[in-house]
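Spelled out from the first residue to the last, the chains are:
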Amino acid sequence: MKLSRSLALPVLALSAIALAACSSSRGADSDERGGLRLPSLPSRAADERPAGIGVNSFLWRASLDTISFMPLREVDPFGGVIVTDWYANPELPSERFQVTVYILDTRLRGDALSVRVFRQERAEDGEWIDASVSGQTALDIENAILTRARQLRISTLDD
């Protein structure tokens, strides 16, 4: 019994240290994950975390290049979402378009991209009314983005 009492204090002290190491005293803007870290062991979480944006950089740049003529409303490089504001072609001001691009993967693949196109027409009273958009329109924009992404990827291979 004497042996177990002599071990109780060190075990209790180590438990308190381990518990304190699990708490986070870092600020909300810290990039580190909580938990106990041993200095002699490398952290796998740091290796798995992508540097920079959270999506495929070629698809991201190609998306921005392709829809650069439209004003941007929301841009989230970590979530992979680009939302344009309404754009009216100066030659046809009675209709306007809005595009949302979703980049769904970190790999350069055709299924890593989704485009939604919204269209409105101006009524006689000046109000904007939702109108249908051909599915081919979104597909054409996706193909333009993928073509540009391939061009950007190929240009990096030449360097």
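Predicted model, so just to flag it, every value in this text is computed and none were measured.

Undergrad: How should I be thinking about the nonpolar core in this particular structure?
TA: Among the nonpolar cores identified, the biggest contains 21 residues, and Leu59, Val99, Val101, Ile103, Leu113, Val115 and Ile145 are the most heavily contacted of them. Among the elements of the structure, α3 (57–66), β3 (95–103), β4 (113–122) and α4 (135–158) are those that each provide at least two residues to this core. The element contributing the most residues to this core is α4, with six residues. Look past the residues within four positions of Val101 in its chain and what remains in contact with it is Ser63, Ile67, Gly80, Val81, Ile82, Leu113, Ser114, Val115 and Ile145.

Undergrad: I'm lost on the side chain of Ser63 in this one. Help?
TA: With respect to the secondary-structure elements, Ser63 resides in helix α3. Accessibility expressed as a relative area gives 0% for Ser63, which makes it buried. Polar contacts involving the side chain of Ser63 include one to the main-chain carbonyl oxygen of Leu59, which spans 2.7 Å.

Undergrad: Sorry, what's going on with the packing of aromatic side chains here?
TA: Where two aromatic rings form a pair, the distance of their centres and the angle of their planes describe that pair. Per the stated rule, a full pass over the model turns up one aromatic pair. Each ring, one from Phe69 and one from Tyr87, has its centre 5.1 Å from the other, and the planes form 80°; the classification is edge-to-face. Highlighted residues: Phe69 in the loop between α3 and β1 (72–76) and Tyr87 in the loop between β2 (81–84) and β3, separated in sequence by 18 residues. The exposure class assigned to Phe69 is partly exposed, which follows from its relative accessible area of 48%.

Undergrad: I'm lost on α4 in this one. Help?
TA: Given 3.6 residues to a turn, an α-helix orients residues that are three or four positions apart in the same direction. Along its 24 residues, α4 runs 35 Å from first to last C-alpha, staying within 8% of the 34 Å computed at 1.5 Å per residue. Buried within α4 are the following residues: Ala138, Ile141, Glu142, Ile145, Leu146, Ala149 and Leu152. Lining the buried residues of α4 we find α3, β3 and β4.

Undergrad: Before we go on, may I ask you to explain the pattern of salt bridges in this structure?
TA: Side-chain pairing between opposite charges can occur once the charged atoms of the two side chains come close. Evaluated as defined, the whole model comprises five salt bridges. Between Asp105 and Arg107 there is a salt bridge, with its nearest N and O atoms 2.7 Å apart. Judged by its relative accessible area of 19%, Asp105 is buried. Between Glu121 and Arg119 there is a salt bridge, and its shortest N-O distance comes to 2.2 Å. Through salt bridges with shared partners, a single ionic network connects Glu95, Arg119 and Glu121.

The rules we used
Residues numbered from 1 in each chain as written. Predicted model: local features only at pLDDT ≥ 70, side-chain atom pairs only at ≥ 80, totals over all residues. Heavy atoms only, no water. Core = buried A, V, L, I, M, F, W, Y, C linked by side-chain atoms within 4.5 Å. Buried < 20%, exposed > 50% of the residue type's maximum accessible area, 1.4 Å probe, protein only. Helix = DSSP H or I, 4+ residues; strand = E, 2+ residues; numbered from the N terminus. Contact = heavy atoms within 4.5 Å. Polar contact = N/O pair within 3.5 Å; in protein donor to acceptor, adjacent residues only side chain to side chain. Phe/Tyr/Trp six-rings, centres within 6.5 Å; stacked < 30°, edge-to-face > 60°. Expected span 1.5 Å × (residues − 1). Salt bridge = Lys/Arg side-chain N within 4 Å of Asp/Glu carboxyl O.

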